[in-house]
There are 2 protein chains.
Amino acid sequence: MTVTDDLLRNAQRYAESFDKGSLPLPPARHVAIVACMDARLNVYGLFGLSEGDAHVIRNAGGVVTQDELRSLAISQRLLGTREIVLVHHTDCGMLTFEDDAFRLGIQAETGIKPTWASEAFSDLDADVRQNIARIRAESAIPHRDAVRGFVYDVATGGLREVE
Amino acid sequence: MTVTDDLLRNAQRYAESFDKGSLPLPPARHVAIVACMDARLNVYGLFGLSEGDAHVIRNAGGVVTQDELRSLAISQRLLGTREIVLVHHTDCGMLTFEDDAFRLGIQAETGIKPTWASEAFSDLDADVRQNIARIRAESAIPHRDAVRGFVYDVATGGLREVE
């Protein structure tokens, strides 16, 4: 019995009590959220989202790389979202290592140094601002006037805006 | 009053009733889930996850690009996850357009053709298998023996494994 098998039993229960019907493809709230993959960051719970409300984009750090620019362009151009919310959080794993050491460690173990950067960062607020700047510089994203960034506190559940 | 302001009011309520205390950084269930950003796909609800259980990685399509390989490598190497679950879904926006037309449309409008591919696909099951293959080929990800892929049905809430 794997963890995945256990999650599948939960999915079976979810389907048995599913009562959402056929919701439309475009998000009802016209918003896309970019957040860290961290297990303690429950995006639906935090923002009070229901099925159908918002696009949720997540990765290690909640950073904006080419893949998030791709997702945001698709979100706005094809599915009508207009606002973007970025969420970093306290006690983030990305604060605990450095890019060079991480990639050289992989090279030492596997013989291959990753072609991708780890996107590790040392300052939460500075990285939120960096990611907002990356979005503002992406001409493929039509709506860049409503982009706001936040730091979530995993110990208190509080959310603080980065100015 | 923007949608973001409205979400912030929900976040305030979440903080006021927050009772999780300080959870550990590594996911308790040792699993990472890669899923589409689609608004109808409630990953926490579907898999019965609570705060602290699993890494959740999401993008347009739930596809595996360099950024997901980066996130999965960090998830396993630094934070101890060992299983990977991929989730595509029915009625996906990625089935509704073609890469060339999407990128040429952006070029026609902005003057700049994106350097990134859209990752649009035409066959859900084939794309799930393609993404499993991308993970299995990534030597920077240590644990590649427990990678399973699924298609979520947005109309019924059901989950079907891709063989």
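Residues numbered from 1 in each chain as written. Chains lettered and ligands numbered in written order. Predicted model: local features only at pLDDT ≥ 70, side-chain atom pairs only at ≥ 80, totals over all residues. Heavy atoms only, no water.

As for the interface of chain A and chain B
Stated precisely, the cut-off is as follows: Contacts between residues were defined by any pair of non-hydrogen atoms, one from each residue, lying within 4.5 Å. Summed over both partners, the accessible surface that disappears when two parts come together, traced with a 1.4 Å probe, is what is meant by buried area. Any carboxyl oxygen of Asp or Glu that lies within 4 Å of a side-chain nitrogen of Lys or Arg is treated as forming a salt bridge with it. Polar contacts here mean pairs of N or O atoms no more than 3.5 Å apart (in protein, one a potential hydrogen donor and the other a potential acceptor; neighbouring residues in sequence count only if both atoms are side-chain atoms). Helix numbering and strand numbering both begin at the N terminus, where a helix is a DSSP run of H or I of at least 4 residues and a strand a DSSP run of E of at least 2.
If you look at the interface, chain A gives 86 residues, while chain B gives 86 residues. When chain A packs against chain B, the two sides together hide about 7,100 Å² of surface, and 60% of this comes from carbon and sulfur. In terms of surface lost to chain B, no three residues of chain A exceed Met 37, Arg 70 and Trp 116 of chain A, which account for 10% of the buried area on that side. Summed over the shared surface of chain A and chain B, the number is six salt bridges. With its nearest N and O atoms 2.5 Å apart, the salt bridge here joins Asp 6 of chain B to Arg 29 of chain A. For the pair chain A and chain B, the interface holds 36 residue pairs in polar contact (both at pLDDT 80 or more). Every element with two or more residues in the side of chain A that touches chain B is listed here: α1 (3–16), β1 (31–36), α2 (43–47), β2 (54–59), α3 (66–79), β3 (83–89), α4 (99–110) and β4 (147–152) of chain A. At eleven residues, the largest contribution of residues to the side of chain A that touches chain B is made by α3 of chain A.

Remarks on the packing of aromatic side chains
Selection rule: Centres within 6.5 Å are what make two rings of Phe, Tyr or Trp a pair, Trp counting through its six-membered ring; a difference in plane orientation under 30 degrees is then read as stacked, over 60 as edge-to-face, and the rest as tilted. Relative accessible area decides the class of each residue, using a 1.4 Å probe on protein chains only: under 20% of the type maximum gives buried, over 50% gives exposed, and in between gives partly exposed.
If you walk through the whole model with that rule in mind, you get eight aromatic pairs over all chains. Summarising the aromatic geometry, the rings of Phe 97 of chain B and Phe 102 of chain B are spaced 5.1 Å apart at their centres and angled 45 degrees between planes, so their arrangement reads as tilted. You'll find Phe 97 of chain B and Phe 102 of chain B in the same group, each marked buried. By way of ring pairs, the aromatic residues Tyr 14 and Phe 18 of chain A together with Tyr 152 of chain B are connected into one cluster.

Geometric descriptors of this kind do not, in isolation, establish any biological role.
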